[in-house]
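# A structural walkthrough
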Amino acid sequence: MDELDELPREVVEQLLAFTTEIDGEIKVTDHPGFVKFIVEHGKQYPLLYNLISVNKTAVIEHYKETGEVPPGVKIIASTTTEGSNVTHLEIIHGPEPPKSK
């Protein structure tokens, strides 16, 4: 993680608290905590966003199954009423639950 050298030491230490070293490789052991930390500190340290990527398919499936949006993610949901050609868009920011319909 050479890119971590550009971050303040205390930020790196906090970030590494969500990881462990296995066979010489750093593995994330607390995924929700790791992502939450990046979301909370990403604006101040944008380099943190390079450490994660979003699996869009998994997020959409998770939303369809649970109605929940993960922290730091936003989903744009569209709905139409039968017999109407109007489409309603709802922007849902994680971790807020969707509005009741």
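Conventions we followed
- Residues numbered from 1 in each chain as written.
- Predicted model: local features only at pLDDT ≥ 70, side-chain atom pairs only at ≥ 80, totals over all residues.
- Heavy atoms only, no water.
- Core = buried A, V, L, I, M, F, W, Y, C linked by side-chain atoms within 4.5 Å.
- Buried < 20%, exposed > 50% of the residue type's maximum accessible area, 1.4 Å probe, protein only.
- Helix = DSSP H or I, 4+ residues; strand = E, 2+ residues; numbered from the N terminus.
- Contact = heavy atoms within 4.5 Å.
- Patch = residues over 30% accessible without salt bridge, like charges linked within 9 Å, V, L, I, M, F, W, Y side chains within 5 Å.
- Areas by Shrake-Rupley, 256 points an atom, 1.4 Å probe, with all protein chains shown as cover.
- Salt bridge = Lys/Arg side-chain N within 4 Å of Asp/Glu carboxyl O.

### With respect to the nonpolar core
Core analysis: the biggest nonpolar cluster contains twelve residues, these being Leu4, Leu7, Val11, Val12, Leu15, Phe18, Phe34, Phe37, Ile38, Tyr45, Leu47 and Leu48. For this core, the elements supplying multiple residues, two or more each, are helix 1 (9-16) and helix 2 (31-41). Setting aside anything within four residues of it in sequence, one finds phenylalanine 34 in contact with Leu15, Phe18, Thr19, Val28, Leu51 and Ile52. Formed by seven residues, the second largest nonpolar core is a distinct cluster that contains Val59, Tyr63, Ile75 and Ile92.

### Section: the environment of tyrosine 63
Take tyrosine 63: it is sitting in helix 3 (residues 56-66). For the pair tyrosine 63 and asparagine 85, spaced 22 residues apart in sequence, the C-alpha to C-alpha distance is 25 Å.

### What about a nonpolar patch on the surface?
Taken together, Ile76, Leu89 and Ile91 make up a surface patch of nonpolar side chains, about 330 Å² in accessible area. You can see isoleucine 76 is positioned in strand 3 (residues 74-80).

### Some points on the pattern of salt bridges
Overall, the coordinates contain three salt bridges when judged by the stated rule. We note a salt bridge from arginine 9 to glutamate 13, for which the minimum N-O separation is 2.8 Å. Taken as a pair, arginine 9 and glutamate 13 lie in helix 1 at a separation of four residues, close to a single helical turn.

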